[in-house]
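What follows is each chain in one-letter form.
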Amino acid sequence: MSAADARSQELAAALAAVRQRIERACLAAGRAPEAVALVVVTKTYPAADVLRLARLGVRDVGENRDQDAAAKALAVDAGLGAPTVADEPALRWHFVGQLQRNKAASVARYAHVVHSVDRAALVQALDRGAQDAGRRLDVLLQVDLDEDPAVHAGRGGARPEQLTALADQVAATAGLRLRGVMAVAPRGQDPRPAFERLAALAGRVRTAHPGATWVSAGMSADLEDAVTCGATHLRVGSAVLGSRPPLG
Ligand SMILES: *Cc1c(COP(=O)(O)O)cnc(C)c1O
């Protein structure tokens, strides 16, 4: 596989287009493009694509299923060789999907950031997993932004009124580092009001925990709105890798 293979060229072009969208949105919002990190969500795509992306300069990749992510992280790290600087991984793995408690120990072994922490039992399980692995994980609290909880059911996320207690719980652990908040825009609605609510909630968490400065919001379809509303991390999949099969 060389940087010149057809798939690499395709990924390079898509990546450039996404980076241009981010730059334009930053310019329009009066924000520095360096203040917005791009996490390329590689779920359902093979480790070979992750390696291609790494060679194209991508440093942050996202996955949503432990079984796939664990295997890919192993394959990719072997393909990239040992990181040159021990403290600086060649790739940072972001876990962005709903996480079962019994998968927490596995995720804690390869993930650098978990975006989807939304309940006390998961905080406990991840903390234990991280400490057992001798690691410290960056954690974002996922918020359910749907006004009607019944609509949201099954997609994960803490209710806004639970955030403060969860933030305090994460901050009190030895294995986790509270970094901020994350949300997925409610389906079929204008994402802007939801992202504005997220920004307000992020501010509230930051008041008690000044280090929690990250806001993970925005995907392929709504990254401009997320940048406008202050997102620091965009999770972009299909706009870089192509559309996934319906069951992905
Ligand atoms: C798949 C996924 C994304 C990326 O979605 P695209 O629409 O492909 O950009 C972002 N966040 C989460 C939580 C996801 O599961």
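Residues numbered from 1 in each chain as written. Predicted model: local features only at pLDDT ≥ 70, side-chain atom pairs only at ≥ 80, totals over all residues. Heavy atoms only, no water.

Draft legend 1. Layout of the site of the ligand. By nearness alone, every residue bordering the ligand is listed as V41, K43, V96, M182, M219, S220, R235, V236, G237, S238 and R244. A distance of 2.8 Å is found between an oxygen atom of the ligand and a side-chain nitrogen or oxygen belonging to R244. Relative to its unbound accessible area of 390 Å², the ligand is 87% covered by the protein chains. When grouped by side-chain class, the residues that make up the shell around the ligand number five nonpolar, three polar and three charged. (Near = heavy atom within 4 Å. Polar contact = N/O pair within 3.5 Å; in protein donor to acceptor, adjacent residues only side chain to side chain. Areas by Shrake-Rupley, 256 points an atom, 1.4 Å probe, with all protein chains shown as cover. Nonpolar A, V, L, I, M, F, W, Y, C, P; charged D, E, K, R; others polar.)

Draft legend 2. View of the environment of G30. By secondary structure assignment, the location of G30 is in the loop between α1 (6-29) and β1 (37-41). G30 sits 198 residues away from T228 along the chain, and the two C-alpha atoms are 8.8 Å apart. (Helix = DSSP H or I, 4+ residues; strand = E, 2+ residues; numbered from the N terminus.)

Draft legend 3. Quick peek at the side chain of D66. Counting through the fold element by element, D66 comes out in helix α3 (residues 66-80). Salt bridges are absent for the buried D66, whose nearest opposite-charge side chain, K103, sits at 5.2 Å. In terms of polar contacts, D66 uses its side chain to reach the side chain of S106, at 2.8 Å. If sequence neighbours within four positions are ignored, D66 has contacts with F95, K103, S106, V107 and Y110. (Buried < 20%, exposed > 50% of the residue type's maximum accessible area, 1.4 Å probe, protein only. Lys, Arg positive; Asp, Glu negative; His and termini not counted. Salt bridge = Lys/Arg side-chain N within 4 Å of Asp/Glu carboxyl O. Contact = heavy atoms within 4.5 Å.)

Draft legend 4. Looking closely at the pattern of salt bridges. Considering all chains together, one arrives at twelve salt bridges under this definition. The salt bridge involving R7 is made with D49; its shortest N-O contact spans 2.9 Å. A residue pair is termed long-range when its members are at least 10 positions apart, and R7 in helix α1 and D49 in helix α2 (residues 47-55) qualify at 42 residues. Owing to a relative accessible area of 18%, R7 belongs among the buried residues under this scheme. Here D60 ties to R92 by a salt bridge, and the two come within 2.8 Å at their closest N and O atoms. Here D60, found in strand β2 (residues 60-63), pairs with R92, found in strand β3 (residues 92-95); they are 32 residues apart in sequence, far enough to count as distant.

Draft legend 5. Here's a closer look at the nonpolar core. The biggest cluster of nonpolar side chains holds 69 residues, and the ones touching the most others in it are V114, L126, L141, L234 and V240. Not counting residues up to four positions away in its chain, the partners in contact with V240 are L11, A14, L15, V18, V40 and L53. If you look at the next biggest cluster of nonpolar residues, it comprises five residues, including V113, L140, V184 and W214. (Core = buried A, V, L, I, M, F, W, Y, C linked by side-chain atoms within 4.5 Å.)

Draft legend 6. The arrangement of the pairing of β1 in detail. Most of β1 sits inside the fold, with four of its five residues counted as buried. Where β1 meets strand β8 (residues 233-236), four bridges bridge the pair, whose relative direction is parallel. What sits directly across from V39, in β8, is R235. With two bridges connecting them, β1 and β2 associate as parallel partners. Counterpart to V41 in the pairing with β2 is G62. In the classification by handedness, the crossover that spans β1, the intervening α2 and the parallel β2 is right-handed. (Pairing = 2+ DSSP bridges. Right-handed = clockwise from strand over helix to strand, strands pointing away.)

Draft legend 7. Geometry of the pairing of strand β4 (residues 113-117). The buried count for β4 comes to five of five residues, which makes it a mostly enclosed element. When β3 meets β4, the two strands line up parallel, connected through two bridges. Paired with H94 across the bridge in β4 is V113. Where the polypeptide runs from β3 across helix α4 (residues 104-110) and back to β4, its parallel neighbour, the crossover connection is right-handed.

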